[in-house]
Amino acid sequence: MKPQAPSQIGKSVSRLDGRLKVTGQARYTGDVRVEHAAFAVIVGATIPAGEISALDLAAAESASGVVKVFTHLNARKFSGAGRGRRRSPASAVAQCEDHV
């Protein structure tokens, strides 16, 4: 007995969101604005394999809209990419209202 092919193969299928997408009316998650949302910005190292000798966070912490500055000293560790090293990024979290 020969297995039957699925009924949609080789046929045109109407997509529920197709018309919205091709007319530019579809709404994507990036289009949704959440009031009082905070965004994280990860600042990576500019020197490969460098070592941190000191951090001056005063400018970042006093910048308008910054909620919290995380460093390797106060952030939870996570597994980063490459060689299995554990990394903790320095990042500034700023509250954004009308721009990203």
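Residues numbered from 1 in each chain as written. Predicted model: local features only at pLDDT ≥ 70, side-chain atom pairs only at ≥ 80, totals over all residues. Heavy atoms only, no water.

Visitor: Please explain the overall build of the protein as it appears in this structure.
Guide: Counting its regular elements, the protein contains two helices and five strands. Ordered by position from the N terminus, the helices and strands of the protein form the series α-β-α-β-β-β-β. Within the protein, the proportion of its 100 residues that are buried is 9%. A fraction of 47% describes how many contacts in the protein between residues 6 or more apart in sequence connect residues 24 or more apart. (Helix = DSSP H or I, 4+ residues; strand = E, 2+ residues; numbered from the N terminus. Buried < 20%, exposed > 50% of the residue type's maximum accessible area, 1.4 Å probe, protein only. Contact = heavy atoms within 4.5 Å.)

Visitor: Explain the pattern of salt bridges here, please?
Guide: One side chain can pair with another of opposite charge once the charged atoms of both are near each other. Inspection of every chain in the model, using the stated rule, returns two salt bridges. Linking Asp17 and Arg15 is a salt bridge whose minimum nitrogen-to-oxygen distance equals 3.5 Å. Owing to a relative accessible area of 26%, Asp17 belongs among the partly exposed residues under this scheme. Of the charged contacts in the structure, one is a salt bridge between Lys21 and Asp17, with a shortest N-O distance of 3.1 Å. Accessibility expressed as a relative area gives 37% for Lys21, which makes it partly exposed. In the salt-bridge network here, residues are joined through shared partners; they are Arg15, Asp17 and Lys21. (Salt bridge = Lys/Arg side-chain N within 4 Å of Asp/Glu carboxyl O.)

Visitor: Looking at this structure, I do not really get a nonpolar patch on the surface. What am I missing?
Guide: Taken together, the side chains of Ile52, Leu55 and Leu73 present a nonpolar region at the surface, about 330 Å² in accessible area. Locating Leu73 in the fold gives a position in the loop between β2 (66–70) and β3 (78–79). Of the residues examined, Leu73 reaches a relative accessible area of 69% and is grouped as exposed. (Patch = residues over 30% accessible without salt bridge, like charges linked within 9 Å, V, L, I, M, F, W, Y side chains within 5 Å. Areas by Shrake-Rupley, 256 points an atom, 1.4 Å probe, with all protein chains shown as cover.)

Visitor: What's the story with the environment of Thr71 in this structure? I'm lost.
Guide: Locating Thr71 in the fold gives a position in the loop between β2 and β3. Classification of Thr71 as buried rests on a relative accessible area of 2%. A polar contact is formed between the side chain of Thr71 and the backbone nitrogen of Leu73, at a distance of 3.0 Å. (Polar contact = N/O pair within 3.5 Å; in protein donor to acceptor, adjacent residues only side chain to side chain.)

Visitor: Mind showing me how you'd approach unusual backbone geometry here?
Guide: Peptide bonds are trans in most cases, and residues, glycine excluded, mostly fall at negative phi. Despite not being glycine, His36 shows a phi value in the positive range, around 60°. Position of His36 among the secondary structure elements: in the loop between α1 (18–22) and β1 (38–43). By relative accessible area, which is 58% here, His36 ends up exposed. Positive phi is not limited to glycine here, since Ala49 has a value of about 60°. If you trace the backbone, Ala49 turns up in the loop between β1 and α2 (58–62).

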